[in-house]
Structure formats: structure tokens, C-alpha cells
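Next come the chains, spelled out residue by residue.
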Amino acid sequence: DAGITQSPRHKVTETGTPVTLRCHQTENHRYMYWYRQDPGHGLRLIHYSYGVKDTDKGEVSDGYSVSRSKTEDFLLTLESATSSQTSVYFCATTPYIQAETQYFGPGTRLLVL
Amino acid sequence: GIQVEQSPPDLILQEGANSTLRCNFSDSVNNLQWFHQNPWGQLINLFYIPSGTKQNGRLSATTVATERYSLLYISSSQTTDSGVYFCAVEGRIKAAGNKLTFGGGTRVLVKP
């Protein structure tokens with residue numbers, strides 16, 4: 001699991017409120033990713049980071065922003081949560097671009113009412 | 001972008017049975033990985049296999065890159081094999097960063 005933790009693990013919030021999810025890794029991996037998992041869709045990439053302060057959009061980035069001020073932390077922010085953002089969010093890391101695996105955190109279950 | 005389809009969507013097995021899961025992808029790939037998500041939600045990498053064949057215990061995988069598919073074989077299934085199996089790929093044309101596109105998964109239930 002490459003020492004990946006996510007916080008919080010569960011959250012219930014109301015529509016329109018801001019939410020920040022945190023991913024923390026202890027392996028000094030360069031690349032970090034945020035995915036969401038929804039029934040029927042597998043996992044879909046939201047944003048990723050290829051270094052400190054270097055981030056880019058993934059497949060489903062609308063409504064989300066990210067920040068990476070330190071190697072070990074990658075934050076995902078929902079500026080104004082909507083019910084369509086109810087999902088399970090996974091963070092992943094990999095040490096280098098040709099790495100043969102991504103390592104996943106335990107996930108954060110978010111419910112937006 | 002690249003499309004990834006997995007079949008079957010659901011599979012029920014009796015303990016001890018063998019099975020084959022399939023992953024079709026729509027374009028050439030640099031990277032293909034198989035993952036297992038256990039019933040508690042944890043995702044674990046099983047194989048990195050953009051081409052060729054690999055084996056790990058009772059699991060093996062084969063990717064035929066020229067025909068754009070990969071197969072995951074589970075032999076002598078055990079109840080601990082239950083969960084969802086995902087295939088994930090990265091297309092050959094990539095901007096940066098090992099970005100994976102996941103299939104919809106195959107949900108496997110192994111009955112004792």
C-alpha cells in the first residue's frame with residue numbers, strides 16, 4: 001500500500017459546502033492521482049500530479065481542484081459540493097513514469113446530501 | 001480517449017473452479033495492469049502486463065497487444081478471490097504520468 005493514508009475516511013456534507021480530501025504518502029513517490037469510483041464506471045481519473053506544484057486534469061475534473069505543496073500531500077477540493085459528487089474517492093501513487101504499478105489508498109466515502 | 005471493456009460483468013463460481021476474465025481495449029497501450037478490489041474496498045495490483053504472459057500462484061494473465069485484449073485466469077478459485085477485478089490501461093500516446101483508464105470491472109463471487 002506504499003504507506004498511503006486518506007482523510008477523512010467517511011464524510012457526509014450538504015450541497016454547496018466546500019470539502020477537502022487529503023492524501024498523504026510516506027514513500028516519496030513523485031506521481032499522485034485522485035480517482036472517483038462509481039457503480040458502472042470503474043475508476044475515473046479526476047486530477048493527477050507529476051511533482052510538487054505540478055498538476056493536470058484527468059477525465060472528470062469539472063468541479064474539482066487540487067493542490068500539492070509538498071511531495072507527501074495531495075489535496076482534492078470540491079469547491080461547492082453537489083449530489084453528483086457523491087462517490088468513493090481513491091488516491092494513488094507511483095514512483096516514476098514507467099512504474100509497473102500504482103499503489104492505492106484505502107478510499108474516502110463521500111455523501112453529499 | 002481509449003476505451004476499456006471487461007467481460008463478463010458478473011461471475012459466480014464454486015470454490016475450486018477455474019475462470020477467465022477478459023479485457024478489450026480500443027487502441028495500442030504502453031501500460032496494462034490488472035487489479036483486485038477486495039470486499040473491503042482495497043485495490044491491489046495483480047499484474048503489470050502490456051504484452052506477453054505472467055503467472056503468480058493461481059493467477060495468470062496474458063495480453064495479446066496486436067489484438068487488443070488481455071485475459072486473467074483464476075485457477076482453483078478460493079473464497080478469498082471474491083471481489084472486483086479491474087483492467088486498467090494507458091494509451092501509447094501519452095502526455096505524461098502513467099495515467100490509467102479503467103474498465104468497468106468484473107465482480108467475482110466464489111461460493112464455498
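Please read these numbers as outputs of a predicted model, since none were measured by experiment.

## Here's the deal with the nonpolar core
Phase 1: Formed by 22 residues in total, the largest nonpolar core has its most connected members in L21, W34, L72 and V89 of chain B.
Phase 2: Among the secondary structure elements, those contributing two or more residues to this core are strand 2 (10-14), strand 3 (19-25), strand 4 (29-37), strand 5 (43-48), strand 7 (59-64), strand 8 (69-74), strand 9 (83-91) and strand 11 (106-111) of chain B.
Phase 3: Counting 18 residues, the second-largest nonpolar core is a separate cluster that includes I4, Y64, V66 and V112 of chain A.

## Quick word on the interface of chain A and chain B
Phase 1: Counting residues at the interface gives 20 residues for chain A and 20 residues for chain B.
Phase 2: Taking both partners together, chain A and chain B bury about 1,700 Å²; carbon and sulfur atoms supply 53% of that area.
Phase 3: Three residues, L43, E100 and F104 of chain A, lead the burial of chain A against chain B; their summed loss comes to 29% of the area buried on that side.
Phase 4: At the junction of chain A and chain B, the tally comes to 0 salt bridges.
Phase 5: Our count for the contact surface shared by chain A and chain B stands at 5 residue pairs in polar contact (both at pLDDT 80 or more).

## Some thoughts on unusual backbone geometry
Phase 1: With an omega of -10 degrees, the peptide bond running from S7 of chain A to P8 of chain A counts as cis.
Phase 2: Positionally, P8 of chain A belongs in the loop between strand 1 (4-7) and strand 2 (10-13).
Phase 3: One non-glycine residue, K53 of chain A, lies in the positive phi region at around 65 degrees.
Phase 4: Tracing the chain through its elements places K53 of chain A in the loop between strand 5 (42-51) and strand 6 (54-57).
Phase 5: Judged by relative accessible area, which is 65%, K53 of chain A ranks as exposed.
Phase 6: In this model, S76 of chain B sits at a positive phi of 45 degrees, which is unusual for a non-glycine residue.
Phase 7: Note that S76 of chain B resides in the loop between strand 8 and strand 9.

## Examining the pairing of strand 8 of chain B
All names here are of chain B.
Phase 1: In terms of burial, strand 8 is largely enclosed, as 5 of its 6 residues are buried.
Phase 2: Sheet analysis places strand 7 next to strand 8, joined by 6 bridges and oriented antiparallel. Within the sheet, the bridge partner assigned to T62 lies in strand 8 and is L71.
Phase 3: Where strand 7 hands over to strand 8, the hairpin turn is made up of 4 residues, of which R68 adopts a positive phi near 60 degrees.

## A look at the state of the cysteines
Phase 1: For the structure on display, the rule yields 2 disulfides over all chains.
Phase 2: One disulfide bridge connects C23 of chain A with C91 of chain A, the sulfur atoms lying 1.9 Å from each other. Between C23 of chain A and C91 of chain A, the S-S dihedral sits near -70 degrees, and the bridge is therefore left-handed. Here C91 of chain A lies in strand 9 (residues 87-94) and C23 of chain A lies in strand 3 (residues 19-25), a separation of 68 residues in the sequence. Neither C23 of chain A nor C91 of chain A differs from the other in exposure class; each is buried.
Phase 3: Covalently, C23 of chain B is tied to C87 of chain B through a disulfide, its sulfur atoms 2.1 Å apart. On the S-S bond that ties C23 of chain B to C87 of chain B, the torsion sits near -60 degrees, and the link is left-handed. With a gap of 64 residues between them, C23 of chain B in strand 3 and C87 of chain B in strand 9 connect regions that are remote in the sequence. An identical accessibility class is assigned to C23 of chain B and C87 of chain B; each is buried.

Scoring rules and cut-offs
- Residues numbered from 1 in each chain as written.
- Chains lettered and ligands numbered in written order.
- Predicted model: local features only at pLDDT ≥ 70, side-chain atom pairs only at ≥ 80, totals over all residues.
- Heavy atoms only, no water.
- Core = buried A, V, L, I, M, F, W, Y, C linked by side-chain atoms within 4.5 Å.
- Buried < 20%, exposed > 50% of the residue type's maximum accessible area, 1.4 Å probe, protein only.
- Helix = DSSP H or I, 4+ residues; strand = E, 2+ residues; numbered from the N terminus.
- Contact = heavy atoms within 4.5 Å.
- Buried area = accessible area lost by both parts, 1.4 Å probe.
- Salt bridge = Lys/Arg side-chain N within 4 Å of Asp/Glu carboxyl O.
- Polar contact = N/O pair within 3.5 Å; in protein donor to acceptor, adjacent residues only side chain to side chain.
- Pairing = 2+ DSSP bridges.
- Disulfide = S-S within 2.5 Å.

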